[in-house]
Amino acid sequence: MSVLIAPSILSADFAALGEAIAAVERGGADLIHVDVMDGHFVPNITIGPPVVQSIKRVAVVPLDVHLMITDPDRYIDAFVQAGAAMVSVHVEVLPHLNRTVHAIKALGAKAGVVLNPATPVGALEEIAGDVDFVLVMSVNPGFGGQRFLPRSEVKVRAVRALLDRAGNQAPVEIDGGIDCQNVGRVVLAGARLIVAGSAIFHSGDPERATRELRAAAVGATAPPAARPA
Ligand code: DX5
Ligand code: ZN
């Protein structure tokens, strides 16, 4: 499977989201990553379904909605109605994760589950066959611009192995502190959906930064002989 680039608009100018999305789409973005925070699960508040609905009107590529909220079951329907093509939920808040994953699928969206840095991969053991993707957090969720936690690379490998054992080709997504320097490592570890916020939107040229991130990510998948020295 190829690598997909998902710029996170968390680091964009919220007064100019349409322009931000158009720029990364010109740069080849495959998805738009939308970070929803409720001030409970994470110490930050961002956006809700009405903003997603507005984004949906201008975005050409699908919306990848990452719910960092304590009660996702209550809002899944609203986010899918608003235009989310992919919805990811944190295992840390869901005692009935199987029900939630299947509820997302029943609404017609791709269902992803997310692991915080301190959550063991084993938490996915019983759901690995059911998910459409798994998101490995490589920072503690809540804010953009944090430093990539190096252990996440091993975790991506472990999640990939678990999905393979379950016979599930669902992609692994990585989110937090990703840039052109470290993206190759996580791609080699098995990540195929690449989220990046500050590396793209704080770069001064989001279109170009999207293109460069893709080049760095795709470069890692090329056979060693084809890689630049
Ligand atoms: C963090 C969010 C991320 C964030 C990534 O809680 O889930 O999607 O936007 O931003 P960077 O790439 O700056 O770490
Ligand atoms: Zn995110």
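Here's what I pulled together on the structure shown here. Model, not experiment: these values are computed from the prediction.

## Section: the sheet that holds strand S5 (residues 110–115)
The pairing of strands in a sheet comes from backbone hydrogen bonds and takes either a parallel or an antiparallel form.
Turning to step 1, where the next piece is worked out: Taken in spatial order, the 8 strands make up an open sheet running S1-S8-S7-S6-S5-S4-S3-S2, and their pairing is parallel. Both outer strands of the open sheet, strand S1 (4–7) and strand S2 (32–37), are each paired with one neighbouring strand and no more. Adjacent strand axes in the sheet meet at a mean angle of 25 degrees, parallel and antiparallel pairs treated alike.
Turning to step 2, where the next piece is worked out: Note that strand S3 (residues 63–68) and strand S4 (residues 84–90) share 5 bridges and pair parallel. Its bridge partner lying in S4, Asp64 is registered against Met86.
Turning to step 3, where the next piece is worked out: Sheet contacts for helix H8 (residues 206–221): S1 and strand S8 (191–196); angle to S1, the most-contacted strand, approximately 145 degrees.

## So, the site of ligand 1
Turning to step 1, where the next piece is worked out: Taken together, 20 residues sit near ligand 1, with Ser8, Asp35, Gly142, Asp175 and Ser198 positioned nearest.
Turning to step 2, where the next piece is worked out: One of the backbone nitrogen or oxygen atoms of Gly142 is found 2.7 Å away from an oxygen atom of ligand 1.
Turning to step 3, where the next piece is worked out: When ligand 1 is considered free in solution it has 380 Å² of accessible area, and contact with the protein chains removes 100% of it.
Turning to step 4, where the next piece is worked out: For ligand 1, the cavity whose grid points lie within 2 Å of the majority of its atoms is the largest pocket.
Turning to step 5, where the next piece is worked out: Elements with a contribution of two residues or more to the shell around ligand 1: S2, S3 and S8.

## Examining the coordination of the zinc ion (ligand 2)
Turning to step 1, where the next piece is worked out: Around the zinc ion (ligand 2), the protein supplies His33 (NE2), Asp35 (OD), His66 (ND1) and Asp175 (OD) as donor atoms, at distances of 2.0 to 2.3 Å.
Turning to step 2, where the next piece is worked out: If you look at the zinc ion (ligand 2), its 6 donor atoms make angles of 70 to 169 degrees with each other, and the shape they trace is octahedral.
Turning to step 3, where the next piece is worked out: Here the donor residues of the zinc ion (ligand 2) are spaced in sequence according to H-x1-D-x30-H-x108-D. A residue pair is termed long-range when its members are at least 10 positions apart, and His33 in strand S2 and His66 in strand S3 qualify at 33 residues.
Turning to step 4, where the next piece is worked out: His33 sits in the buried class, given a relative accessible area of 0%.
Turning to step 5, where the next piece is worked out: Take His66: its relative accessible area is 0%, and that puts it in the buried class.

## Things to note about the pairing of strand S7 (residues 172–175)
Turning to step 1, where the next piece is worked out: Of the two faces of S7, the one carrying Val172 and Ile174 and the one carrying Glu173 and Asp175 are both buried.
Turning to step 2, where the next piece is worked out: Bridge count for strand S6 (residues 133–137) against S7 is 4 bridges, and the pairing is parallel. Paired with Met137 across the bridge in S7 is Asp175.
Turning to step 3, where the next piece is worked out: Following the chain from S6 across helix H5 (residues 152–165) to the adjacent parallel S7, one finds a crossover that is right-handed.
Turning to step 4, where the next piece is worked out: Of the strand pairs in this sheet, S7 and S8 are connected by 4 bridges, and their pairing is parallel. Directly across from Glu173, in S8, lies its bridge partner Leu193.
Turning to step 5, where the next piece is worked out: This β-α-β element, S7 to helix H6 (residues 183–189) to S8, shows right-handed connectivity.

Parameters at a glance
- Residues numbered from 1 in each chain as written.
- Chains lettered and ligands numbered in written order.
- Predicted model: local features only at pLDDT ≥ 70, side-chain atom pairs only at ≥ 80, totals over all residues.
- Heavy atoms only, no water.
- Pairing = 2+ DSSP bridges.
- Helix = DSSP H or I, 4+ residues; strand = E, 2+ residues; numbered from the N terminus.
- Axes fitted to C-alpha atoms, helices over the stretch in contact; angles between N-to-C directions.
- Contact = heavy atoms within 4.5 Å.
- Near = heavy atom within 4 Å.
- Polar contact = N/O pair within 3.5 Å; in protein donor to acceptor, adjacent residues only side chain to side chain.
- Areas by Shrake-Rupley, 256 points an atom, 1.4 Å probe, with all protein chains shown as cover.
- 1 Å grid on protein atoms, 1.4 Å probe; cavity = no way out; pocket = protein on both sides within 12 Å on 5 of 7 lines; lining within 4 Å.
- Sits in = over half its atoms within 2 Å of the grid points.
- Donors = N, O, S within 2.8 Å, 3.2 Å for Na, K, Ca; no water.
- Tetrahedral: all angles 85-135°; square planar, octahedral: opposite > 155°, others 65-115°.
- Buried < 20%, exposed > 50% of the residue type's maximum accessible area, 1.4 Å probe, protein only.
- Right-handed = clockwise from strand over helix to strand, strands pointing away.

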